[in-house]
Each structure stands twice: as structure tokens, then as C-alpha cells.
Amino acid sequence: MNDDVRNIVLGVLAAAVSGALGWLARTLLSHRRLGRKQAFFGLPDNSECMLVVNREAGGTDLAVMRHDVFALLELAALIKDCHANARVVAHDAAQQGFGERTEFCVGGPASNRRTAAHLMSLLPGVRVNVDAEPGPERGEFQVGGERYRLEPGGNEYVLLARLTAGRRRDERPVFLFCGQRAITNQAATRYLARNHERLARKYGRNSFVLLLKVINSQAYGPDVVELVADVTRAAQAQAPAPTPETPPTSHRAS
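Below is a summary of the structure that appears in this document. (Residues numbered from 1 in each chain as written. Predicted model: local features only at pLDDT ≥ 70, side-chain atom pairs only at ≥ 80, totals over all residues. Heavy atoms only, no water.)

### Digging into the nonpolar core
Counting 29 residues, the largest nonpolar core has Phe41, Leu43, Phe104, Phe177 and Leu192 as its most contacted members. Elements with a contribution of two residues or more to this core: helix 1 (3-41), strand 1 (48-53), helix 2 (66-81), strand 3 (102-106), strand 7 (155-163), strand 8 (174-179), helix 4 (182-203) and strand 9 (208-215). Per-element accounting of this core gives the leading share, 6 residues, to helix 4. For Phe41, the residues in contact, after removing those within four places along its chain, are Leu78, Cys82, Thr102, Phe104, Pro173, Phe175, Leu192 and His196. Core analysis: the second largest hydrophobic core is formed by 23 residues, Cys105, Phe141, Ala161 and Leu176 among them. (Core = buried A, V, L, I, M, F, W, Y, C linked by side-chain atoms within 4.5 Å. Buried < 20%, exposed > 50% of the residue type's maximum accessible area, 1.4 Å probe, protein only. Helix = DSSP H or I, 4+ residues; strand = E, 2+ residues; numbered from the N terminus. Contact = heavy atoms within 4.5 Å.)

### Topic: the sheet that holds strand 4 (residues 126-128)
Overall, antiparallel pairing links the 3 strands, which are arranged 4-5-6 in an open sheet. Sheet topology places strand 4 and strand 6 (146-148) at the edges, where each strand pairs with a single neighbour. Between one strand and the next, the sheet's axes are offset by a mean angle of 20°, whatever the strand orientation. When strand 5 (residues 141-143) meets strand 6, the two strands line up antiparallel, connected through 3 bridges. Within strand 6, the residue paired with Val143 across the bridge is Glu146. (Pairing = 2+ DSSP bridges. Axes fitted to C-alpha atoms, helices over the stretch in contact; angles between N-to-C directions.)

Next up, the structure:
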């Protein structure tokens, strides 16, 4: 074998080894990313989760708003990426505790009883005005001492939360998308889909509550979203009882 042939053979072998090492590195990196994603969402391979759907606010039947359907589609893609399976459950039929399986709960307390229960149990510092009568305070959020009023089509708010009761290490989380309007629910699911890696790095498996603002949805739909604040501490703290001199303009979701 002359030098030229030997150099060609060595080059081919080096390329093959380099390609194999590159493929192995990419595969390991992909598996690590998948593992972190599955841990954050509580969705190991072939696990099951619940998609809890609401009804149209003001309606009596299970009529899901168009933007809430889009929100469910965003979540379905995340669940599929984790190699997990989803079961769609109506908000008034999800009669089970939390922690056994991951739950994605879409909609505010006016249209989703499950959300109302989670707010009462896990986020006592959050109050939502669920009055049926039109008015400037309808849909208003109160988180701790701060109030966030709905401006339809302008500035609209949504709470994005990852919640656990913290009873055990392998407890599955509840993801809550509690918006002032259906389009804000979709905006929150899209924000989660785009930012779950950053959120996983920051919070790991811990609970968090983020207040998001959807800006000018009339023009931009659910795409322009601003993080207002991490309100975890205020949302999880027990809200002070209202005094007679300053009656509340909103009441706790129930």
C-alpha cells in the first residue's frame, strides 16, 4: 500500500469515526433535552395526562371557545414531544385530586370549575372578579395588593402557573392557564411552548406563578406577550380579609 492509498484509507476512517462520535453526541444531547423536558412537565414516556377544558363563559353547555381550542392544540404538541398521551376531560367531570398525573387546566374560574378549585386550594392570594354583569371591574385580577383590570383588545392579563402541593418528589404538576379572555389562554400556552426550556432552567420542578400581559390582541392576536412579574409569593400567600371600610371590587373565585 503506497502513501496515497494509506492516506485515503486513514481519511475515510477518521471521517467515519468523527461522524459516529458526532451522531452519538447529538443523540445524547437530544436524550438529555428530552429528559429535562419530561421532568419539567411531569411526562415520562407513555405516561398519561389530563387536558381539562372549560366551557364558554356565560354558557351552560360544554362549548369551547375557538382560542381555547388553539390552546389545547399547543399543549397537545408539547405532550406528543414528550412521548406521552393526553385525555381530554370536561372541567366539571375532572373529579380527582392532583399529583398522580400531570394536568393542564385551561380557562378562568368563570368558565372552569377546576381552575376555581385550584385557585382556592393552591393560590389563595389570587382573586378574580367573575361577575356576570358587564362593568369595568369584570374579569379583574387581584394578586396580593395589586389589581389588573381587563382592557378588551388592549391590555389583557393571564396567569401561567406550574403548581405542586410539594408532598413528594415524584408528584406530577398542574399547569394552569387562567386568562381574562380565551385569547389570553392561548397566549399563555404559546408562551410556555416557546419558553419551557428557560423556565425549566430557572425553576426546575418547583412551583411558579407568572403574570403575563397580552398586548393589543385585536391587532396581534396571542403573539405579543410581556412578562409582567413573577407573582409566586403573592399568589401563594393568604390574602387579607377585606375591611368594611374598603369593600372589595372583586371576589375570590369559587
